[in-house]
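Survey of secondary and tertiary structure
For reference, the chains in residue letters:
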Amino acid sequence: LQRLSNVMLVQKQPDGTFILTGHGKLVLQLTSPYEFVSKNREYFLTHDVWNIPTPFINRLGELSNAQLLLDAMDNINQGEKMFIAAEEYAWGIAEGRIPELMNPIMVEKVRKGLKIKMIIEEKLLNKIPPITTSNVEIRGIKEIPAIMASTENAATMCFRFNNGRLDYGGFYGTDPTFLNWIKDLFEYYWQNAK
């Protein structure tokens, strides 16, 4: 307590108790990203976050309540469940085509009004058949920064390996703060996509 007092993180009250100072509260708030990265040290030793914009790296603490699913199939299955449960929207950034097994489900969801936004690599845009519904929008970017999917209820985020290869293992969650981070990142790429 004396050391914390010396650096002005806590302050002793007249009754002998200690409270956080304004500076102490701020330091605790700013340690969230560090705690998250430290907790997931092994993952971040093998994955590259530096291809996403720095403001989002600074907000990595917002992923703290997400679950790390290292098994790619676990994450793909969660993504499929997310999509099936979606009622308002489904947004995603993916490296290739949608699995054929999902096509009938997607057609039915779109028919019921689900709004879909997808970002894929620009070079694949000309391979997409013409879209005849206003519920589905697809845009392209030069390089996929990460795999991500988001609905109104859940999201998943999979960073690239250090060697540049995309990974399908990553973070899954339903926490509103996590969902907001994913939504903000998707919207950043959506605004910059063609």
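Up top is the structure.
Thresholds, definitions, all that
- Residues numbered from 1 in each chain as written.
- Predicted model: local features only at pLDDT ≥ 70, side-chain atom pairs only at ≥ 80, totals over all residues.
- Heavy atoms only, no water.
- Salt bridge = Lys/Arg side-chain N within 4 Å of Asp/Glu carboxyl O.
- Buried < 20%, exposed > 50% of the residue type's maximum accessible area, 1.4 Å probe, protein only.
- Helix = DSSP H or I, 4+ residues; strand = E, 2+ residues; numbered from the N terminus.
- Pairing = 2+ DSSP bridges.
- Phe/Tyr/Trp six-rings, centres within 6.5 Å; stacked < 30°, edge-to-face > 60°.
- Core = buried A, V, L, I, M, F, W, Y, C linked by side-chain atoms within 4.5 Å.
- Contact = heavy atoms within 4.5 Å.

1. Thoughts on the pattern of salt bridges
One pass over the structure, following the stated rule, counts 5 salt bridges. The partner of K112 in a salt bridge is E108, and the shortest N-O contact between them spans 3.9 Å. With a relative accessible area of 31%, E108 lands in the partly exposed category. Between E122 and K194 there is a salt bridge, and its shortest N-O distance comes to 4.0 Å. Taken together, the positions of E122 in the loop between β6 (115-121) and β7 (136-141) and K194 in the segment after α8 (176-192) put the pair 72 residues apart, joining distant regions of the chain. Overlapping salt bridges, with partners in common, bring together R59, E62 and D184 in one network.

2. Some remarks on the pairing of strand β8 (residues 146-151)
Taking burial as the measure, the 6 residues of β8 include 5 buried ones, the bulk of the element. Here β8 pairs with strand β9 (residues 155-161) via 5 bridges, running antiparallel. By the bridge assignment for β9, M148 is matched with M157.

3. Some words on the packing of aromatic side chains
For any pair of aromatic rings, the description consists of the separation of the ring centres together with the inter-plane angle of the planes. Scanning the entire structure with this criterion turns up 13 aromatic pairs. Geometrically, the ring pair formed by F36 and F44 is edge-to-face, given 5.7 Å between the ring centres and 70° between the ring planes. Among the aromatic residues, those joined into a ring-pair cluster are F36, Y43, F44, F159 and F171.

4. What about the side chain of S150?
Mapping S150 onto the fold places it in strand β8. Overall, S150 belongs to the buried group, its relative accessible area being 2%.

5. Details of the pairing of β6
Extensive coverage of β6 is indicated by the burial of 5 of its 7 residues. As defined by bridge partners, strand β5 (residues 89-93) adjoins β6 across 5 bridges and the pair is classed as parallel. Residue pairing across strands places I93 opposite I119, the latter belonging to β6. Where β6 lies against β7, 6 bridges are found, and the strand directions are parallel. Within β7, the position partnered with M118 by the bridge is I138.

6. Here's the deal with the environment of G164
Topologically, G164 is positioned in the loop between β9 and β10 (170-173). Taking the C-alpha atoms as reference, G164 lies 9.9 Å from A146; in sequence the two are 18 residues apart.

7. Examining the nonpolar core
Ranked by size, the top nonpolar core spans 34 residues in total, and within it I52, L63, M157, F159, F171, W181 and L185 carry the most contacts. Secondary structure elements with two or more residues in this core: α4 (41-46), α5 (54-58), β5, β8, β9 and α8. Among all residues touching L63, those that are not within four sequence positions of it are F36, F159, F171, F178 and W181.

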